[in-house]
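Coordinates in review
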Amino acid sequence: MTTRGEKMKRWIVGLAGLFALGLAGLPALGGDQHKVTLMLGGKFCDLYKGEVESALKKIAGVTAVDLKSMKGHAIVTTDPGKVKPDQLTAAVNALKGDGWHCKAEVMK
Ligand SMILES: [Cu+2]
């Protein structure tokens, strides 16, 4: 025989289980992104941040480029496993113009 109290208890346990699953899922979502910090250099490169940003954003798998949080650096958010750090540095190293060029290395 099931009492009202037992039913209630089962319901609460079930709800707690769902809640725990939800919590477990959150870090998995958060871990779905990856950040690479590039140290920028090169003659007058700091005047061409727009070029750096658009070159990095053109790479498939790059979801965000942050040039503001750390002076002289680009914090690049990528989908994990889709972008190799070498692709990011290569894109920046290819930027050059009349009397300027950019260089990047991955910060460890
Ligand atoms: Cu640095």
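Presented here is a report on the structure given in the accompanying data block. (Residues numbered from 1 in each chain as written. Predicted model: local features only at pLDDT ≥ 70, side-chain atom pairs only at ≥ 80, totals over all residues.)

Our focus in this paragraph is the overall build of the protein chain. When helices and strands are counted, the protein chain shows three helices and six strands. The order of helices and strands in the protein chain, counted from the N terminus, is α-β-α-β-β-α-β-β-β. Taken across its 108 residues, the protein chain has 18% of its residues classed as buried. (Helix = DSSP H or I, 4+ residues; strand = E, 2+ residues; numbered from the N terminus. Buried ≥ 20, exposed ≤ 12 C-beta atoms within 10 Å, placed from the backbone.)

Turning next to the nonpolar core. In terms of nonpolar packing, the biggest core is built from 18 residues, with Leu38, Leu40, Val52, Leu56, Val76, Leu88 and Val92 touching the most fellow members. Looking at this core, the elements that each hand over two or more residues are strand 1 (34–41), helix 2 (49–57), strand 2 (62–66), strand 3 (73–78) and helix 3 (85–93). Apart from the residues within four sequence positions on either side, Val76 is in contact with Lys35, Val36, Leu38, Leu56, Val62, Val65 and Leu88. (Core = buried A, V, L, I, M, F, W, Y, C linked by C-beta atoms within 7 Å. Contact = placed C-beta atoms within 7 Å.)

Backbone geometry at Phe44 places phi at a positive 60°, although glycine is not the residue there. Along the chain, Phe44 turns up in the loop between strand 1 and helix 2.

Pairing is antiparallel in the open sheet, where four strands are placed in the order 2-3-1-6. Two strands lie at the open edges of the sheet, namely strand 2 and strand 6 (103–106), each paired on one side alone. Shown here is a sheet whose adjacent strand axes are inclined to one another by a mean of 30°, direction ignored. Looking at chain direction, strand 2 and strand 3 are connected through four bridges and run antiparallel. Counterpart to Ala64 in the pairing with strand 3 is Thr77. In the packing of helix 2 onto the sheet, contacts are made with strand 1, strand 2 and strand 3, and the angle to strand 2 comes to roughly 165°. Docked against the sheet, helix 3 engages strand 1, strand 3 and strand 6, running at close to 165° with respect to strand 6. (Pairing = 2+ DSSP bridges. Axes fitted to C-alpha atoms, helices over the stretch in contact; angles between N-to-C directions.)

Once that is clear, we can look at the pairing of strand 3. Going residue by residue along strand 3, you find Ala74, Val76 and Thr78 tucked away on one face and His73, Ile75 and Thr77 left uncovered on the opposite face. Summarising the sheet, strand 1 and strand 3 pair through six bridges and their orientation is antiparallel. The residue of strand 3 that forms the bridge with Leu38 is Ala74. Hairpin connection between strand 2 and strand 3: a loop of six residues separates the two successive antiparallel strands, and Gly72 in this loop has a positive phi of roughly 75°.

Looking at helix 3, one finds that the buried residues are Leu88, Ala91 and Val92. In a view along the axis of helix 3, the buried residues occupy a sector of 95°, so they form one face of it. (Arc of directions from axis to C-beta.)

Nothing here speaks to function; it is geometry throughout.
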